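# Chain and residue survey
Listed below are the residues making up each chain.
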Amino acid sequence: MGELKMRGRVLVPGIAEGEALVSTESLVWSHGVDPESGLIDDVRVSVCGESVKDKILIYPLGKGSTSGATWMLEAVRCAIINMETELIIVAGAVLSEKLYGKTIPVVDHTDQNPIETIHTGDWIRVNGEEGTIEIIRRK
């Protein structure tokens, strides 16, 4: 097991820890992720069938409509790391705090490519107060 650290831009503060789920493709939240189960049902992405619930979700960027914020806040309950974050994701994370009291830290513009550095199954600690990401490799 090894440990790596990254830094990024904080968009939504908070602290979260969990297992990483990495998608190399952008995700469509509206009609791409089941908000109740958290299962990704978009057959166009390699992580189709995986659940985003209680995961640190790493993906390039979101795509879709304004309804994506409500789908995202219902499905995700941990943290999001993007290469570039769209406003809809930030809105969903902020609404999660306001509606449910659940913090979903969002960090992007990391000093290393998160898609290449983090692997599905790695344990991740996101400090959305300081913009730090700790990656603990799993064998």
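To keep things clear, this report deals only with the structure shown in the data block. Only a predicted model underlies this, so the values are computations on that prediction, with no experimental measurement involved.

Scoring rules and cut-offs
- Residues numbered from 1 in each chain as written.
- Predicted model: local features only at pLDDT ≥ 70, side-chain atom pairs only at ≥ 80, totals over all residues.
- Heavy atoms only, no water.
- Helix = DSSP H or I, 4+ residues; strand = E, 2+ residues; numbered from the N terminus.
- Rg over C-alpha atoms; globule rule 2.2 N^0.38 Å.
- Buried < 20%, exposed > 50% of the residue type's maximum accessible area, 1.4 Å probe, protein only.
- Lys, Arg positive; Asp, Glu negative; His and termini not counted.
- Charge placed at Lys NZ, Arg CZ, Asp CG, Glu CD.
- Contact = heavy atoms within 4.5 Å.
- Polar contact = N/O pair within 3.5 Å; in protein donor to acceptor, adjacent residues only side chain to side chain.
- Core = buried A, V, L, I, M, F, W, Y, C linked by side-chain atoms within 4.5 Å.
- Pairing = 2+ DSSP bridges.
- Axes fitted to C-alpha atoms, helices over the stretch in contact; angles between N-to-C directions.

## As for the overall build of the protein chain
- Helix and strand counts for the protein chain stand at 3 helices and 10 strands.
- Ordered by position from N to C terminus, the α and β elements of the protein chain give β-β-β-β-β-β-α-β-α-β-α-β-β.
- Taking 14 Å as the expected radius of gyration for a compact globule of 139 residues, we find that the protein chain reaches 13 Å, a close match to that expectation.
- Dimensions of the protein chain, computed from C-alpha atoms along their principal axes, come out at roughly 35 × 30 × 20 Å.
- When each of the 139 residues of the protein chain is scored for burial, the buried share is 50%.
- Of the charged side chains in the protein chain, 14 are positive and 21 negative; the average position of the first set lies 3 Å away from that of the second.

## Overview of the environment of M6
- Take M6: it is sitting in strand β1 (residues 3-7).
- If sequence neighbours within four positions are ignored, M6 has contacts with T110, D111, Q112, N113, P114, T117, I118, G131, T132, I133 and I135.

## A word on the side chain of N127
- For N127, the position within the fold is in strand β9 (residues 123-127).
- Among the polar contacts made by the side chain of N127, one reaches the main-chain amide nitrogen of E129 at a distance of 2.8 Å.

## What about the nonpolar core?
- One finds W29, V52 and I80 to be the most contacted residues of the largest nonpolar core, which totals 20 residues.
- If you list the elements that add at least two residues to this core, you get β5 (55-59), α1 (68-75) and α2 (87-100).
- Looking at this core element by element, the count peaks at 3 residues for α2.
- Formed by 16 residues, the second largest nonpolar core is a distinct cluster that contains I81, I115, I124 and I133.

## Some points on unusual backbone geometry
- Phi is positive for D54, close to 60 degrees, though the residue is something other than glycine.
- Position of D54 relative to the elements: it lies in the loop between β4 (27-28) and β5.
- Judged by its relative accessible area of 54%, D54 is exposed.

## Looking at the sheet that holds β1
- Overall, mixed pairing links the 8 strands, which are arranged β1-β10-β9-β3-β5-β7-β8-β2 in an open sheet. With partners counted over all chains shown, the strands left at the sheet margins are β1 and β2 (9-12), one partner each. Taken pair by pair, the neighbouring strands of this sheet meet at an average axis angle of 30 degrees, ignoring direction.
- Pairing geometry for β2 and strand β8 (residues 106-108), over 3 bridges, is antiparallel. Paired with V12 across the strands is V106, a residue of β8.
- Sitting on the sheet, α2 touches β2, β5, β7 (79-82) and β8, and the angle it makes with β2 is about 55 degrees.

## Considerations on the side chain of T85
- With respect to the helices and strands, T85 occurs in the loop between β7 and α2.
- At a separation of 2.9 Å, a polar atom in the side chain of T85 contacts the side chain of N82.
- Ignoring any residue separated from it by four or fewer positions in sequence, one finds T85 in contact with L11, V90, V106, V107 and D108.

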